[in-house]
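Descriptive structure summary
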Amino acid sequence: VDRILIGDGSEILVGRGFPAPLLPDRPGRERVVVLGQPGSRPVTARVRAAIDLPVLEVELPDRDAAKELDAIGPLYRRLADAGIGRHDTIVGVGGGAATDVAGFVAATWLRGVEWTAIPTTMLGAVDAAVGGKTGINLGGKNLIGAFWHPSRVVIDIDVLEGLPIELVREGSAEALKAGYIADPELVGLYERSGLDAPLETVVPRAVAVKASVVSGDFRETGRRAILNFGHTVGHAVERLCNLPHGHAVAVGMVAAAEISRSRHGFDADRLRASVERLGLPTAVIGCDAEEAIDLIRLDKKRDATGVRMVLLRGVGRPVVEPVDEAELRTALASIGAG
Ligand SMILES: NC(=O)c1ccc[n+]([C@@H]2O[C@H](COP(=O)([O-])OP(=O)(O)OC[C@H]3O[C@@H](n4cnc5c(N)ncnc54)[C@H](O)[C@@H]3O)[C@@H](O)[C@H]2O)c1
Ligand SMILES: [Zn+2]
């Protein structure tokens with residue numbers, strides 16, 4: 001079992017079977033709320049069986065439908081009706097959508113109750129459930145949220161190994177990203193083995209990268225920004241071309257690598273090859289560059305610092321730098337946006 005510490009006293013356990021106990025000891029806990037989603041049903045059933053307190057189980061709508069503001073109200077109502085108190089615990093079982101909702105509800109119920117995250121997708125395990133960002137959607141993604149660490153994150157490698165390959169591929173884009181910003185060995189492993197890279201090695205390494213970045217910068221003022229590698233262009237093409245998030249991040253990393261090549265001599269061909277090795281896209285089809293630039297500008301308006309991107313001086317050597325429109329255009333052209 002790998003034990004990774006994050007935040008103030010919160011603990012991430014990675015192992016096989018549930019590297020139990022799922023809940024830290026806590027006096028006064030009387031009830032446990034288990035929030036699952038359709039895809040995590042078998043795991044939710046095991047979680048429920050492993051908890052020897054009365055459980056209120058709620059299955060959330062699938063995917064981001066669970067995060068819509070309108071879906072959250074009825075959930076609070078269920079907690080109120082069941083009399084869930086300040087010593088009780090919320091457990092989120094599922095992909096990032098389920099753990100985002102569980103964390104947000106935990107952050108806000110009675111001004112904050114304890115929670116545990118049990119991510120059952122690769123993206124959830126290496127990204128969404130780690131770092132204490134929780135949030136729900138109001139049309140736009142994650143407009144409402146809170147920073148609230150789970151006291152425990154439990155990752156079962158057996159569950160992740162049973163995932164459909166597409167869900168592994170998508171989460172692997174974020175793990176590869178972790179490698180490029182902070183773990184050259186992880187990049188090397190993916191280069192050698194592609195999606196055959198053992199998850200019991202990949203997952204703790206990717207989690208450790210995120211945990212270490214976040215531990216130094218919980219509220220995202222500085223260093224945490226490096227986690228956005230691939231996400232500036234990624235978010236734009238995700239929306240414009242309707243790509244799955246992991247695919248968009250893969251393409252976004254290629255675009256950032258091209259700017260990194262011209263500024264810092266970064267080996268963008270190597271990054272491209274590693275993305276292809278995972279069967280992830282390096283280009284988009286039918287995405288308009290001007291629309292992408294508009295979206296990127298709009299995205300950045302919120303922080304009023306102009307467009308800044310995470311670039312690489314080398315593998316594991318990220319820098320955050322302002323980029324101009326001409327550079328963005330060249331990068332978009334390099335991923336086939338015309
Ligand atoms: N809080 C953060 O820091 C953070 C970071 C990244 C992403 N996110 C959020 O995470 C969400 C995306 O995460 P996701 O891709 O895990 O999405 P998801 O939760 O929508 O899950 C994807 C699909 O996988 C299914 N599924 C879950 N477990 C499964 C299993 N074991 N086997 C088969 N299918 C299973 C789900 O039912 C769903 O249909 C987005 O809402 C995003 O905003 C949050
Ligand atoms: Zn991402």
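Let us look at the structure shown here. Note that this is a predicted model, so its numbers are computed, not measured. (Residues numbered from 1 in each chain as written. Chains lettered and ligands numbered in written order. Predicted model: local features only at pLDDT ≥ 70, side-chain atom pairs only at ≥ 80, totals over all residues. Heavy atoms only, no water.)

Take the sheet that holds strand β5 (residues 89-94) next. The strand order across the open sheet formed by seven strands is β1-β2-β9-β6-β5-β3-β4, and the pairing between neighbours is mixed. Only two strands of the sheet have a single neighbouring strand rather than two, namely β1 (2-6) and β4 (55-59). The mean angle between the axes of side-by-side strands here comes to 15°, regardless of whether they run parallel or antiparallel. Two strands pair when backbone bridges link them, and β5 and strand β6 (residues 114-119) are joined in this way by six bridges, in the parallel orientation. Along β6, the bridge assignment pairs G92 with A117. Contacting β3 (32-36), β4 and β5, helix α2 (residues 69-82) runs over the sheet at an angle of about 165° to β4. (Pairing = 2+ DSSP bridges. Helix = DSSP H or I, 4+ residues; strand = E, 2+ residues; numbered from the N terminus. Axes fitted to C-alpha atoms, helices over the stretch in contact; angles between N-to-C directions. Contact = heavy atoms within 4.5 Å.)

A few words on the coordination of the zinc ion (ligand 2). Coordination angles at a metal have ideal targets, namely 109.5 degrees for four tetrahedral donors and 90 or 180 degrees for six octahedral donors. Protein ligation of the zinc ion (ligand 2) involves E174 (OE), H231 (NE2) and H245 (NE2), the donor distances falling in the range 1.9 to 2.1 Å. Between consecutive donor residues of the zinc ion (ligand 2), the sequence gaps follow E-x56-H-x13-H. You can see H231 sitting in helix α9 (residues 231-241) and its partner H245 sitting in helix α10 (residues 245-264), a full 14 residues away along the chain. Note on H245: relative accessible area 18%, which makes it buried. (Donors = N, O, S within 2.8 Å, 3.2 Å for Na, K, Ca; no water. Buried < 20%, exposed > 50% of the residue type's maximum accessible area, 1.4 Å probe, protein only.)

Looking now at the state of the cysteines. Applying the stated criterion to the full structure yields one disulfide. Paired by a disulfide, C241 and C287 hold their sulfur atoms 1.6 Å apart. A residue pair is termed long-range when its members are at least 10 positions apart, and C241 in helix α9 and C287 in the loop between α11 (268-277) and α12 (289-301) qualify at 46 residues. The two residues C241 and C287 agree in class, both being buried. (Disulfide = S-S within 2.5 Å.)

Time to look at the environment of E185. Residue placement: E185 occurs in helix α7 (residues 184-193). Along the backbone, E185 and I293 are 108 residues apart, and their C-alpha atoms lie at a distance of 34 Å.

What follows covers helix α13 (residues 325-334). Every buried residue belonging to α13 is among E327, L328, A331 and L332, and all of these are buried. Taken around the axis of α13, the buried residues stretch over an arc of 135°, which confines them to a single face. Its side-chain oxygen 3.2 Å from the backbone nitrogen of A326, D324 forms the N-cap of α13. Of the residues flanking the end of α13, it is G336, one or two places downstream, whose phi is positive at about 85°. (Arc of directions from axis to C-beta. Polar contact = N/O pair within 3.5 Å; in protein donor to acceptor, adjacent residues only side chain to side chain.)

As far as function goes, none of this settles anything; it's purely spatial.
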